[in-house]
There are 2 protein chains.
Amino acid sequence: MTELINDIYLRAAISGPVERTPVWMMRQAGRYLPEYRAVREQAGDFMSLCKNAELACEVTIQPLERYPLDAAILFSDILTIPDAMGLGLSFKQGEGPCFANPLRTSSDIKNLPIPDPADKLSYVMNAVSIIRRELKGRVPLIGFSGSPWTLATYMVEGSSSKEYRHVKGMMFSDPQSLHLLLDKLADSIIAYLNAQVASGAQALMIFDTWGGVLTPRDYKEFSLNYMQKIIDGLTRQADGRKVPVTLFTKNGGQWLDIMAETGADCLGVDWTMDLCDARASVGDKVALQGNMDPTILYGSPERIREEVATILKSFGHGNGHVFNLGHGIHQFVDPENAGVFINAVKDLSPAYHL
Amino acid sequence: MTELINDIYLRAAISGPVERTPVWMMRQAGRYLPEYRAVREQAGDFMSLCKNAELACEVTIQPLERYPLDAAILFSDILTIPDAMGLGLSFKQGEGPCFANPLRTSSDIKNLPIPDPADKLSYVMNAVSIIRRELKGRVPLIGFSGSPWTLATYMVEGSSSKEYRHVKGMMFSDPQSLHLLLDKLADSIIAYLNAQVASGAQALMIFDTWGGVLTPRDYKEFSLNYMQKIIDGLTRQADGRKVPVTLFTKNGGQWLDIMAETGADCLGVDWTMDLCDARASVGDKVALQGNMDPTILYGSPERIREEVATILKSFGHGNGHVFNLGHGIHQFVDPENAGVFINAVKDLSPAYHL
């Protein structure tokens, strides 16, 4: 294995000592970059890009050529597992993901296979291997999956949802079926993430994009429990060091304390909470990742630097902070402004690690 | 003035003594009711229904004929003020509100008039007067408005938004213009709500649907500050008793403590927080309204009663609770299930007021 040149992200994500705050951006390989749009056009639709390991590698590395980022994240989609289960994923222009065969009955769920990562998800593992090789040890590679609850929302609704009529309808009228689905998803995700680590991923992240639409009781029962199961089943060591696991529940700031008990190393925080409060609620149990509002990148360079300074100050001195946006970077952001953000973290953070 | 027969909502909303927990539903006059759909069809589009005072009165009272609700709420839309300012409101099928003339520049905002409620909003005041008369004192009538920040998001984006690119872009690149807009909206809303009280509204509610997409700092500066200005400018007495004011910031549970300092009588709480925690954070300063997940109404009658029991227990004994959903009732809910919910509150809540 090539030696890792910049390992500051891996150290920070396990609350280890660092000389400055590392930084990466969710969706850093994405539409705001003209070089991404060019490759995307070449590939055709979004899933064709995900399924072409060479092109997925190319777009994964693109942002590292522009910015001094401290981590790469696999270019893929959270819905690869439901696609491999046979739900028929497509992306309609401007409408987000759509499944040809959404799950509506308990027999739909009982018949659902647990996909072998070496079979229908081999394109993801190929991409991970190629990206790891092409990174040449510059920075670590983060693998990822959606959370069981988040995947279930898309699989039951059939597409993006504002009201969660079908999946919450199932939760309240047939919770056993929903639990069976979530359990199958947890098993599938354990196999999927462990295969990513075996293929070269050096850190993992679980995106619970829709956990925040639940009551605290339902969050614990239907989302957190299954993320706990995943964490318990993950390979936690690779290349002789720990594989940090980050959990991110969007709009889940009020649950950071219970998320910190799962054994995750790091928790993602969105911008609706001050990092000082987030830190107070988790203590030294986990590192925190976040939490700049992505829309700040529509502001002036001065405003962006000011916000970075505010967030660094809010977290305060000491280890355990990975700087990031509180959600993915928007497609209409000027790439120059992303550079201003990343450089501001590098310039301003050493003062908090003296 | 006709004597008010059932005033339990007015008592509970100011944390006064009650013998059971009052209940109403946000969007209780709405598409889930076949009798509403019939009137809506007769009226044509949604704004034509809002602007026809007799029909607006009819749909406001419809849910009271079906259910033993403790309050009526004016049938209208939160976007009447921007419409009266000349932005050209329409509702496209399945797409939500749309403004023909969104605000994008500081001169757009400087030129914006503050509408006289007696002029372009007289249809709302007519509806309030007629509804108050037709209620014949059965229950109090709640008037309402959107919050300045929430109205500004629609006015600057031009329609519903997931990313708030334009309005947050303005926030971070030209905050003075956004402040001018919010200030004009606050002045407009004060005049609008005071005119509703003068026309017969007995309680008021401010819907801050999108305050929860802000950082804590931006929430205070761009949303809460202007709701504070409104509260300071409102008529707080009518018919010799207090006009309770309820503030509701969706996804704003983490800010209930500072919302409780505004002088509001009652705070709306969505379902992402337990009422026991909400109550702990506000103490005796304000009453709380909420907070059942509206999707529970897709569950069985037993599941609905169980959730009502859980929420009553979470709030606990004592005054200061107005039962409601944590957001508007969904259009696909079976009206029978709404009845199960309302009756469960009536059956189960007296035990908490002994």
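Residues numbered from 1 in each chain as written. Chains lettered and ligands numbered in written order. Predicted model: local features only at pLDDT ≥ 70, side-chain atom pairs only at ≥ 80, totals over all residues.

Q: Explain the overall build of chain A to me, and be specific about the residues and the numbers.
A: Secondary structure assignment for chain A yields 15 helices and 11 strands. Whereas a compact globule of 354 residues would reach a radius of gyration of roughly 20 Å, chain A reaches 19 Å, a difference of no more than 12%. Summarising its shape, the C-alpha atoms of chain A cover approximately 60 × 45 × 40 Å along the three principal directions. Evaluated residue by residue, chain A yields a buried proportion of 55% over its 354 residues. When contacts within chain A are restricted to residue pairs at least 6 apart in sequence, those whose partners lie at least 24 apart make up 72%. (Helix = DSSP H or I, 4+ residues; strand = E, 2+ residues; numbered from the N terminus. Rg over C-alpha atoms; globule rule 2.2 N^0.38 Å. Buried ≥ 20, exposed ≤ 12 C-beta atoms within 10 Å, placed from the backbone. Contact = placed C-beta atoms within 7 Å.)

Q: Describe the relation of the copies chain A and chain B, listing the residues and the values that go with them.
A: A rotation about some axis, followed by a shift along it, carries one copy of the chain onto the other. When chain A is fitted onto chain B, the two copies agree to an RMSD of 0.0 Å after a turn of 180° and an axial shift of 0.0 Å. Taken together, the rotation and translation describe the operation of a two-fold axis. When you check the interface residues of chain A against chain B, 100% turn up at the interface there too, and the contact is symmetric in its surfaces. (Least-squares fit on C-alpha atoms with pLDDT ≥ 70 in both.)

Q: Which residues make up the interface of chain A and chain B, and what values go with them?
A: In this complex, chain A contributes 26 residues to the contact, which on the side of chain B involves 26 residues. Per-class residue counts for the side of chain A that touches chain B are eight nonpolar, 12 polar and six charged. (Nonpolar A, V, L, I, M, F, W, Y, C, P; charged D, E, K, R; others polar.)

Q: Hey, could you go over the environment of A:Tyr219 for me, with residue numbers and the actual values?
A: Among the structural elements, A:Tyr219 can be located in helix H11 (residues 216-233). Here A:Tyr219 falls in the buried class, since 23 other C-beta atoms lie within 10 Å of it.

Q: Describe the sheet that holds strand E4 (residues 141-146) of chain A, with residues and values.
A: Residue and element names in this part refer to chain A. The strand order across the open sheet built from seven strands is E1-E4-E5-E8-E9-E10-E11, with neighbouring strands paired in parallel fashion. Edge strands, defined here as strands with exactly one partner in the open sheet, are strand E1 (72-73) and strand E11 (321-325). As paired elements, strand E8 (residues 245-249) and strand E9 (residues 266-268) share three bridges and run parallel to each other. Looking at the pairing, Leu 247 lines up with Leu 267 of E9. (Pairing = 2+ DSSP bridges.)

Q: Hey, could you go over the environment of A:Arg37 for me, with residue numbers and the actual values?
A: All names here are of chain A. Position of Arg 37 among the secondary structure elements: in helix H2 (residues 34-43). Classification of Arg 37 by C-beta neighbours within 10 Å gives partly exposed; the count is 14. Sequence spacing of Arg 37 and Val 59 is 22 residues, and the spatial spacing of their C-alpha atoms is 9.3 Å.

Q: Before we move on, can you summarise helix H8 (residues 148-157) of chain A with the specific residues and values?
A: All names here are of chain A. Where burial is concerned, most of H8 is hidden: 10 out of the 10 residues are buried. Among the residues of H8, those classed as buried are Pro 148, Trp 149, Thr 150, Leu 151, Ala 152, Thr 153, Tyr 154, Met 155, Val 156 and Glu 157. Of the residues one or two after H8, Gly 158 is the one with positive phi, at around 95°.

Q: Can you explain the confidence of the model for chain A? Please cite residues and give values.
A: Averaged over every residue, the pLDDT of chain A is 96; the share at 70 or more is 100%. The complex prediction reports pTM at 0.96, with the ipTM value standing at 0.94. (pLDDT = per-residue confidence, 0-100.)

Q: For the sheet that holds strand E4 (residues 141-146) of chain B, give the residues involved together with the corresponding values.
A: Residue and element names in this part refer to chain B. Here seven strands make up an open sheet; going across it, the order is E1-E4-E5-E8-E9-E10-E11 and the pairing parallel. At either margin of the open sheet sits one strand with a lone partner, and together these are strand E1 (72-73) and strand E11 (321-325). Relative to E11, strand E10 (residues 287-292) runs parallel, the two sharing five bridges. The residue bridging Asn 291 from the neighbouring strand is Asn 324, located in E11.

Q: Please set out the pairing of E8(A) residue by residue, giving values where relevant.
A: All names here are of chain A. The element E8 is extensively covered by neighbouring structure, given that five of its five residues are classed as buried. Because side chains alternate across E8, one face comprises the buried residues Val 245, Leu 247 and Thr 249, and the other comprises Thr 246 and Phe 248, equally buried. Relative to E8, strand E5 (residues 203-208) runs parallel, the two sharing five bridges. Bridge pairing in E8 places Leu 204 opposite Val 245.

Q: Go over the packing of helix H8 (residues 148-157) of chain B against helix H10 (residues 175-199) of chain B with me, naming the residues and quoting the values.
A: Residue and element names in this part refer to chain B. Contact pair H8 / H10: the axes reach a minimum separation of 9 Å and the direction vectors enclose 120°. Taken together, the axes of H8 and H10 are oblique relative to one another. In the packing of H8 onto H10, the handedness of the crossing is right-handed. Contacts from Pro 148, Trp 149, Leu 151 and Ala 152 of H8 reach H10 at Leu 178, Leu 181, Leu 182, Leu 185, Ala 186 and Ile 189. The class makeup of the residues in the contact of H8 with H10 is 10 nonpolar, no polar and no charged. (Axes fitted to C-alpha atoms, helices over the stretch in contact; angles between N-to-C directions. Parallel < 35°, antiparallel > 145°, perpendicular 65-115°, else oblique. Left-handed = near helix turned anticlockwise from the far one by under 90°.)

Q: Before we move on, could you go through the packing of helix H4 (residues 53-66) of chain B against helix H7 (residues 122-135) of chain B and cite the residues and values that matter?
A: Residue and element names in this part refer to chain B. Between H4 and H7, the shortest axis-to-axis distance is 8 Å and the interhelical angle comes to 45°. It follows that H4 is oblique to H7 by the angle criterion. Remark: the crossing between H4 and H7 carries right-handed chirality. Counting all contacts with H4, which are made through Ala 53, Glu 54, Ala 56, Cys 57, Thr 60 and Ile 61, the residues of H7 involved are Tyr 123, Asn 126, Ala 127, Ile 130, Ile 131, Glu 134 and Leu 135.

Q: Tell me about unusual backbone geometry, residues and numbers included.
A: All names here are of chain A. A cis amide bond, omega -5°, links Gly 290 with the succeeding residue Asn 291. Structurally, Asn 291 is set in strand E10 (residues 287-292). The phi torsion at Ser 15 lies on the positive side, around 65°, for a residue other than glycine. By secondary structure assignment, the location of Ser 15 is in the loop between helix H1 (8-12) and H2. The buried category is assigned to Ser 15, around which 20 C-beta atoms lie within 10 Å.

Q: Please give an account of the environment of A:Tyr123 that cites residues and values.
A: All names here are of chain A. Here Tyr 123 shows up in helix H7 (residues 122-135). Overall, the presence of 17 C-beta atoms within 10 Å leaves Tyr 123 in the partly exposed class. Here the alpha-carbon distance between Tyr 123 and Lys 51, two residues 72 residues apart in the chain, equals 5.6 Å. The residues contacting Tyr 123, other than those within four sequence positions of it, are Lys 51 and Ala 53.

Q: Describe the pairing of E5(A), naming the residues involved and giving the relevant values.
A: Residues and elements named next belong to chain A. By the criterion of burial, E5 is predominantly enclosed, with six of the six residues buried. Along E5, one buried face is formed by Ala 203, Met 205 and Phe 207 and the opposite face, lined by Leu 204, Ile 206 and Asp 208, is buried too. Relative to E5, E4 runs parallel, the two sharing five bridges. Across the sheet, the residue bridging to Phe 144 is Met 205, located in E5.

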